[in-house]
Amino acid sequence: MTAFSSELQSTLKEALNALYHHPDPEVQRQAERWLQDFQRSIDAWQVSDSLLHDASSDLESLIFCSQTLKTKVQRDFEELPSEAFRPLRDSLCISVAVASLAVQVSSEDWGGGGILNWLRDEIDSHPEYIPSFLDLLSVLPQEACSYKTAARPERRRQFQKELLSSMETALNLLTYCLRSNELQEQVLDAFSSWLRLGYGVAASTLASHPLVFATLSSLNSEQLSDAAVNATCDLIHYTVSESSGGINAQMPLIQVLVPLVMGLRERFRASLKDLDQDEEEVKSMARLFADMGDSYVDLIATGSDESMMIVNVLLEVASHPDYDITSMTFNFWRSLQDNLTRKESYLSFGTEAAVEAEKNRRLSIFRTPYEMLVSLVSFRVQYPKEYQEMSREDQKDFKQTRYAVADIIMDAASVLGGETTLKILFVKFFEAVGSKGNNESWDWRVAEGALYCIRAISEYVPDYEVDIMPQVMAILPKLPHQPQLLQTACLTIGAYSKWIDATPVALSFLPSIIDILTGGMSTSEESASAAAVAFRNVCAACRDKLCGSLDGLFQIYHRAVSGEGGYKLSTEDSLHLVEALSMVITELPPDHAKKAVEALCLPAVTPLQQLIGQAMDSSQQITARQFTVHIDRLSNIFRYVSHPEAVADAFQRLWPIFKAIFDNRAWDMRTMESLCKASKYAVRTSGRFMGVTIGAMLEAVQDKYQQHHQSCFLYLSSEVIKIFGSDPTCATYLGSLIKALFGHTTHLLRSIKDFTARPDIADDCYLLASRCMRYCPHIIVLSPAFPPLVDCSMIGITVQHREACMSILTFLSDVFDLTNSTAGEQYRSTIDSVVIPRGASLTRILIASLTGALPTSRLEEVTYVLVSLTRTYGAKVLEWAKEAVSFIPSNAITEVESSRFLNALSQAAKGAVLSELLEPLEELSEICRRNRTVQDIVQGALKPLELNFAAVS
């Protein structure tokens, strides 16, 4: 050992001691930083190996060095010369490290036959180490599917093939180890691991394999139960995996598995009577039944006698008092429902008549199980008596349970039909309400639970239903105003708003329904919120029937927004009332609508005028919230009143107020966002009826943006472009607008630091640019702002902010898609003059983004831009890409790997579809990101941030 290594060992031990034992946190942080740097160094190999063989090393050193070697093998194996493999292999003592080594090193280097043959020889030579070898055997298949080890994609694929071809050897080794009772749990765990890897043994062989027999016979073993259940579940999953050939190929094994798993049914039934039975054992049995149902749902859906046995045992699981056990079946019921109702399930039956007959036969068979399911699970939505005393987290969990049960009842309604399901639930509701009478101990929870389920299936109950829903609606006004019960009553009314509109007696229901909703608004914050949503739904569905009641609706609205009516509505909830009245006003004739809109705006206009007056007084402190409460109400009016002229008229009358807010609050982001949103909806609804007001608004936007840089001004401009971009009469002032906005933005965003500091500006700028490319390319492409905009996009591509980055990439793909389209031919020469001089740099930046400058979550978008550029400029892009890739050193990517990437681009130039190009393009990304060292080498070679500072004139 060199003196240098010895010194490093001492320093390492000192750093570990400081990390774990020094009282000063700053010293601990320094030690942690040193240890992290050490792990990345090439010296970590020798030092860690030496300490692992040093008898004087303490436990902390051994653990750290073991983890270091594991990480080094996974991430930095390429640092070692090829001849270092064998000493390293013999030195490593951790299974996961050896497994990582196996991923990196070809089978020939293991002495012929790969790591499995080496492992077999080691077991023969060193039987005392069999437990460790079993750990390794278990880890190997996991490593084949892991991307932690920095292997090249081609080597990883080769390793997977090596393991699959050695599966029989692996199972033989596991069978050999079965002879020892002490090792059986480890054997079953390893067997599970190999089953998850994929197909490698004939179905008939596996069905009679000793490992399968050992697994199934261990289900009744207290000691081996967990491992046996895991392995049995993996066997079940294996029989339906594509790699194993699927159900038809695996029928011999399925015929062995199902009877033995079903043999546990009596034990599970006993647990329903004896609730003291071991909970984990019961969960294990339930898991087996549920996995069997999930996996064989296509077979079960045929309705055979054998399959109905599985359905019945799953009903028994659903009946268990423990919700965690019951819910294990939910995925099965959902999948079965999907299979029974999906048209694709019946394609093999040919004619429509045969399809319909088979579908009806199956639905008939499963009618009773789903009826039973509704009865078994519906009670679980009832509020616990101790609900108010529960912690917030437990209350949240209970609500999640309600959502899950509601989903299952909706699945049942999909099979049974809404009317049948409604009848089952109504019986429970009617009984609960009927038991009220004079009984002071009446439990509202039962009625609320049944009503909650009735609400859940609203979309499955036809509008023409006349037997049950009229009775429900007649009962609702008689229910006590208990907060949760009233909240559910309001939500039920909202859910059945379309039914209310369709029923012939709607007009007789509406007064009592509105009374319930106003009662809900007055009872609690939760019921008020539900009532506001229901009020909006009822007004939306019954708008034509409520036109004559507008005065009464206005009274409710004024009481709500004034705060004088005793309503417990939040400001956000009151917006639902604005939306509701807006939709009723939509049904009015134009003249009446204008007056109604004016009246609807008034409660917001008066306080805004007062606030503007107060804002003029510098001594008055006005918050953004004071403005936005009223502006947001106007925003909803503009959004939901579908009378373009009425909204345009209202906006024109309100423009002096809006202009005053623009002038006085342009510095205030929240107020400006609210004001721009209101203006956006006015533009969207009014369209060309906006008249001269649109010009005044854009003038204010252009002026205030240059002073205060609020990104919402750009977003509002995007909406204007969408509506008016293709109007030739607007070309002049829109051209002036985008020239000013883009010109100012490109001066704000001069470096990647600027993009990182103001991602909102970047995001909305390039959203606007994309809108321009789609709606007015004649303006943006010919604008002097276009070249700087492309330059700016090249600077910002690598910004880490997701939305800003995506907007930039979308803009670039829009540019290339337009250039490559028939509609874009007239702009081709102009775009070419901008893109081609920048093409080499842009291609290099995109390749840098693909290979590490951007997160892998943006690979698809970067790939699309690169492919779009290649389809547009063909051979030029191939030259640019070849030059860029040539900068990457050969120790980062090989010539074969770069050729595969360039060949994919060549195929893109010839018109290959994107799906065929993703794998080779993403593979380059994986190769260049396989560890930090390689990624730094690639980025250092491509230097994306140094390419885009100098704009091309």
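Residues numbered from 1 in each chain as written. Predicted model: local features only at pLDDT ≥ 70, side-chain atom pairs only at ≥ 80, totals over all residues. Heavy atoms only, no water.

1. A few points about the overall build of the protein chain
Here is step 1 of the chain: Assigned secondary structure in the protein chain consists of 53 helices and zero strands.
Here is step 2 of the chain: Referenced to the eigenvectors of the C-alpha coordinate spread, the extents of the protein chain come out at roughly 95 × 85 × 70 Å.
Here is step 3 of the chain: When the 953 residues of the protein chain are sorted by exposure, 54% land in the buried category.
Here is step 4 of the chain: Across the protein chain, contacts joining residues at least 24 apart in sequence account for 73% of those joining residues at least 6 apart. (Helix = DSSP H or I, 4+ residues; strand = E, 2+ residues; numbered from the N terminus. Buried < 20%, exposed > 50% of the residue type's maximum accessible area, 1.4 Å probe, protein only. Contact = heavy atoms within 4.5 Å.)

2. Considerations on the nonpolar core
Here is step 1 of the chain: In terms of nonpolar packing, the biggest core is built from 323 residues, with Trp194, Trp333, Phe429, Phe535 and Phe638 touching the most fellow members.
Here is step 2 of the chain: Considering each element in turn, this core owes the most residues, 11 residues, to helix 38 (residues 644-665).
Here is step 3 of the chain: Leaving out residues up to four positions away in the same chain, Phe638 has contacts with Val647, Ala650, Phe651, Leu654, Phe658, Ala678, Tyr681, Ala682 and Thr685. (Core = buried A, V, L, I, M, F, W, Y, C linked by side-chain atoms within 4.5 Å.)

3. Looking at the pattern of salt bridges
Here is step 1 of the chain: Scanning the entire structure with this criterion turns up 39 salt bridges.
Here is step 2 of the chain: With its nearest N and O atoms 3.0 Å apart, the salt bridge here joins Glu26 to Arg29. Within this pair, Glu26 and its partner Arg29 are both found in helix 2 (residues 25-40), separated by three residues, close to a single helical turn.
Here is step 3 of the chain: Using a relative accessible area of 31% as the deciding quantity, one classes Glu26 as partly exposed.
Here is step 4 of the chain: Given a relative accessible area of 43%, Arg29 falls into the partly exposed group.
Here is step 5 of the chain: The salt bridge partner of Arg536 is Glu579, with a shortest N-O separation of 3.9 Å. Pair noted here: Arg536 is in helix 32 (residues 525-541) and Glu579 is in helix 35 (residues 571-585), with a separation of 43 residues, a long-range link. (Salt bridge = Lys/Arg side-chain N within 4 Å of Asp/Glu carboxyl O.)

4. Points about the packing of helix 38 against helix 40 (residues 693-708)
Here is step 1 of the chain: Across the interface, helix 38 lies against helix 40 with an axial gap of 11 Å and an inter-helix angle of 10°. Considering their axes alone, helix 38 and helix 40 lie roughly parallel with respect to each other. Contacts between helix 38 and helix 40 involve Phe651, Gln652, Trp655, Lys659, Phe662 and Asp663 from the first element and Thr693, Ala696, Met697, Ala700 and Lys704 from the second.
Here is step 2 of the chain: Classifying every residue of the contact of helix 38 with helix 40 by side-chain character gives six nonpolar, two polar and three charged. (Axes fitted to C-alpha atoms, helices over the stretch in contact; angles between N-to-C directions. Parallel < 35°, antiparallel > 145°, perpendicular 65-115°, else oblique. Nonpolar A, V, L, I, M, F, W, Y, C, P; charged D, E, K, R; others polar.)

5. Section: helix 10 (residues 167-177)
Here is step 1 of the chain: Every buried residue of helix 10 is accounted for by Met167, Ala170, Leu171, Leu173, Leu174 and Cys177. Projected down its long axis, helix 10 shows its buried positions confined to an angular sector of 155°, all on one face.
Here is step 2 of the chain: Where the residues of helix 10 are buried, they touch helix 7 (114-125), helix 8 (130-144), helix 9 (153-165), helix 11 (184-197), helix 12 (203-207) and helix 13 (210-217). (Arc of directions from axis to C-beta.)

6. Some details on the side chain of Ser192
Here is step 1 of the chain: Tracing the chain through its elements places Ser192 in helix 11.
Here is step 2 of the chain: A polar contact is formed between the side chain of Ser192 and the side chain of Asp234, at a distance of 3.3 Å.
Here is step 3 of the chain: When sequence neighbours within four positions are dropped, the list of residues in contact with Ser192 reads Asn230, Ala231 and Asp234. (Polar contact = N/O pair within 3.5 Å; in protein donor to acceptor, adjacent residues only side chain to side chain.)

7. A word on the confidence of the model for the protein chain
Here is step 1 of the chain: On average, residues of the protein chain carry a pLDDT of 89, and 94% of them reach 70 or more.
Here is step 2 of the chain: Considering only residues more than four positions removed or in separate chains, one finds that residues 949-953, a stretch of pLDDT under 50, has six contacts. (pLDDT = per-residue confidence, 0-100.)

8. Quick word on the environment of Leu575
Here is step 1 of the chain: Along the chain, Leu575 turns up in helix 35.
Here is step 2 of the chain: Note: C-alpha distance between Leu575 and Val533 (42 residues apart in sequence) is 9.5 Å.
Here is step 3 of the chain: Ignoring sequence-local partners within four residues, the contact set of Leu575 consists of Asp632, Arg633 and Asn636.

9. Things to note about the side chain of His744
Here is step 1 of the chain: Relative to the helices and strands, His744 is located in helix 42 (residues 731-748).
Here is step 2 of the chain: Of the polar contacts made by the side chain of His744, one reaches the side chain of His709; its length is 3.0 Å.
Here is step 3 of the chain: Leaving out residues up to four positions away in the same chain, His744 has contacts with Tyr705, Gln706 and His709.

10. Some details on the packing of aromatic side chains
Here is step 1 of the chain: For the coordinates displayed, the defined rule picks out 22 aromatic pairs.
Here is step 2 of the chain: Note on Phe268 and Phe289: the rings are 5.9 Å apart at their centroids and 90° apart in plane angle, and the pair reads as edge-to-face. Here Phe268, found in helix 17 (residues 265-273), pairs with Phe289, found in helix 18 (residues 279-295); they are 21 residues apart in sequence, far enough to count as distant.
Here is step 3 of the chain: In this structure Phe268 comes out as buried when scored by relative accessible area, which is 0%.
Here is step 4 of the chain: According to the relative accessible area criterion, Phe289 is buried, its value standing at 0%. (Phe/Tyr/Trp six-rings, centres within 6.5 Å; stacked < 30°, edge-to-face > 60°.)

11. Re a negative patch on the surface
Here is step 1 of the chain: A cluster of like negative charges, contributed by Glu185, Asp189, Glu222, Asp226, Asp278 and Glu280, occupies part of the molecular surface.
Here is step 2 of the chain: Considering the arrangement of structural elements, one finds Asp226 in helix 14 (residues 225-240).
Here is step 3 of the chain: For Asp226, a relative accessible area of 53% gives the class exposed. (Patch = residues over 30% accessible without salt bridge, like charges linked within 9 Å, V, L, I, M, F, W, Y side chains within 5 Å. Areas by Shrake-Rupley, 256 points an atom, 1.4 Å probe, with all protein chains shown as cover. Lys, Arg positive; Asp, Glu negative; His and termini not counted. Charge placed at Lys NZ, Arg CZ, Asp CG, Glu CD.)

12. A look at helix 20 (residues 305-318)
At 3.6 residues per turn, the α-helix brings residues three or four places apart onto the same side.
Here is step 1 of the chain: When the terminal C-alpha atoms of helix 20 are compared, their 20 Å separation across 14 residues agrees well with the 20 Å that a helix rising 1.5 Å per residue should span.
Here is step 2 of the chain: A large share of helix 20 lies buried, amounting to 10 of its 14 residues.
Here is step 3 of the chain: For helix 20, the complete set of buried residues consists of Ser307, Met308, Ile310, Val311, Val313, Leu314, Leu315, Glu316, Val317 and Ala318. (Expected span 1.5 Å × (residues − 1).)

13. Brief notes about the environment of Pro603
Here is step 1 of the chain: Take Pro603: it is sitting in helix 36 (residues 590-616).
Here is step 2 of the chain: Those residues in contact with Pro603 that sit more than four places away from it in its chain are Tyr557, His558, Val561 and His630.

14. Description of the packing of helix 17 against helix 18
Here is step 1 of the chain: It is at 10 Å that the axes of helix 17 and helix 18 come closest, and there the two elements cross at 130°. Comparing the axis directions of helix 17 and helix 18 gives the class oblique. The handedness of the crossing between helix 17 and helix 18 is left-handed. Mapping the contact onto sequence places Arg265, Arg267, Phe268 and Ser271 in helix 17 and Glu281, Val282, Met285, Ala286 and Phe289 in helix 18.
Here is step 2 of the chain: By residue class, the composition of the contact of helix 17 with helix 18 is five nonpolar, one polar and three charged. (Left-handed = near helix turned anticlockwise from the far one by under 90°.)

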